[in-house]
Amino acid sequence: MRKKIAAGNWKMNLSAEEAQTLASEVVNMFQDEYTGDAEVIFSPSYPYLSLVHHLVKDNPKVHLAAQNIHQEEKGAYTGEVSAQMLTSIGCSHVLIGHSERRQYFAEDNQLLAKKIDIALKHGLKPVYCIGETLDQREAGETLNVNTTQLSEGAFHLDAEAFGDLVIAYEPVWAIGTGKTASPEQAQEVHKAIRDAIAAKYGAEVADNTTILYGGSVKPANAETLFSQPDIDGGLVGGASLKSRDFTDIIKAL
Ligand code: 13P
């Protein structure tokens, strides 16, 4: 059975105090108001990982993800953060391949494949992000772009290792724009992703893979998105910075 997950990507936002307030408010609301089986992931920026870990460590359904990782084990890479550092402060997950990293930091599928490998080697579960730009969608390349990012970044893994991945489909044109993919548009891509996984690893692995949708998820649209058969939760940016909104999104699962 695949997991349902609501993940909050806080990006480069919040002060330390705001990060702690947000995490503790969401954890409290989640405990008080939610009885389902969905899990939550917080993805704060590096300096706040330990602070947030302290607040979530007693709840087995709340996990911690870094927003990025370096592909090497250790060494002279000033300013970078390794997989081992992340596990040593309580991270269980890591975002890999977010479109903002692909776009602004020139991360390509080959590099991302290495990041996935080092994460898995150290027991971190990658949340591997894929998605097309508006130009690619308008050129009719949506499914091809997504399945290529998926296969070049992750299909070198064997089935067991692939089973530790969460996939996040985030159409670039829907990120931070207020434009959400319609439930039908998102479902079409999610199904194509699951079909590609089934063709590579078989139906059981595909069925067990959690595929999140990201791109302007809000309390008002979460329920219709999450009701699609191949959408297993959300990777949420802006709305994850407000405890009430993010908890309502969790509850939509
Ligand atoms: P928004 O929810 O702000 O559109 O961001 C989505 C995202 O990039 C999550 O990783």
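Note: the structure precedes this text.
All figures in this text were calculated on a predicted structure; none of them were measured in a lab.

About the cut-offs
- Residues numbered from 1 in each chain as written.
- Predicted model: local features only at pLDDT ≥ 70, side-chain atom pairs only at ≥ 80, totals over all residues.
- Heavy atoms only, no water.
- Near = heavy atom within 4 Å.
- Polar contact = N/O pair within 3.5 Å; in protein donor to acceptor, adjacent residues only side chain to side chain.
- Areas by Shrake-Rupley, 256 points an atom, 1.4 Å probe, with all protein chains shown as cover.
- Nonpolar A, V, L, I, M, F, W, Y, C, P; charged D, E, K, R; others polar.
- Pairing = 2+ DSSP bridges.
- Helix = DSSP H or I, 4+ residues; strand = E, 2+ residues; numbered from the N terminus.
- Axes fitted to C-alpha atoms, helices over the stretch in contact; angles between N-to-C directions.
- Contact = heavy atoms within 4.5 Å.
- Phe/Tyr/Trp six-rings, centres within 6.5 Å; stacked < 30°, edge-to-face > 60°.
- Buried < 20%, exposed > 50% of the residue type's maximum accessible area, 1.4 Å probe, protein only.
- Parallel < 35°, antiparallel > 145°, perpendicular 65-115°, else oblique.
- Left-handed = near helix turned anticlockwise from the far one by under 90°.

## Let's talk about the site of the ligand
Piece 1. Taken together, 13 residues sit near the ligand, with Lys11, His98, Gly176, Ser216 and Gly238 positioned nearest.
Piece 2. Take Lys11: an N or O atom from its side chain is 2.8 Å from an oxygen atom of the ligand.
Piece 3. Gly238 is positioned with one of its backbone polar atoms (N or O) 2.8 Å from an oxygen atom of the ligand.
Piece 4. In the complex, the protein chains occlude 96% of the 310 Å² of accessible area that the ligand would expose alone.
Piece 5. A class-by-class count of the residues in the shell around the ligand yields four nonpolar, seven polar and two charged.

## Quick notes on the sheet that holds strand β7 (residues 211-214)
Piece 1. Read around the closed barrel, the eight strands follow the order β1-β2-β3-β4-β5-β6-β7-β8; overall the barrel is parallel. Strand-to-strand twist of the sheet, defined as the mean angle between neighbouring strand axes without regard to direction, takes the value 25°.
Piece 2. Where strand β4 (residues 93-96) lies against strand β5 (residues 125-130), four bridges are found, and the strand directions are parallel. The partner of Ile96 across the bridge, within β5, is Tyr128.
Piece 3. Running over the sheet, helix α9 (residues 183-201) touches β5, β6 (166-169) and β7 and is turned about 150° from β7.

## Observations regarding the packing of aromatic side chains
The description of an aromatic ring pair uses the distance of the two centres, along with the angle that the planes make with each other.
Piece 1. Counted by the stated rule, this structure contains seven aromatic pairs.
Piece 2. Judged by centre distance (5.5 Å) and plane angle (50°), the rings of Trp10 and Phe42 are tilted. Here the residue Trp10 occupies a position in the loop between β1 (5-9) and α1 (16-33), and Phe42 occupies one in strand β2 (residues 39-43), the gap between them amounting to 32 residues.
Piece 3. Using a relative accessible area of 1% as the deciding quantity, one classes Trp10 as buried.
Piece 4. Aromatic pair Phe42 and Phe246: ring centres 6.3 Å apart, planes at 45°, arrangement tilted. One end of the pair, Phe42, is in strand β2; the other, Phe246, is in helix α12 (residues 243-251), and 204 residues separate them in sequence.
Piece 5. Taking the relative accessible area as the measure of exposure, Phe42 reaches 0% and is therefore buried.

## Brief notes about the packing of helix α11 (residues 219-226) against α12
Piece 1. At a closest axis distance of 9 Å, the pairing of α11 and α12 adopts a crossing angle of 15°. Judged by the angle between their axes, α11 and α12 are roughly parallel. α12 is crossed by α11, and the crossing has right-handed handedness. Across the interface between the two elements, Pro219, Ala222 and Phe226 from α11 touch Asp245, Asp248 and Ile249 from α12.
Piece 2. Taken together, the residues of the contact of α11 with α12 break down into four nonpolar, no polar and two charged.

Read these as spatial facts, not as claims about activity.
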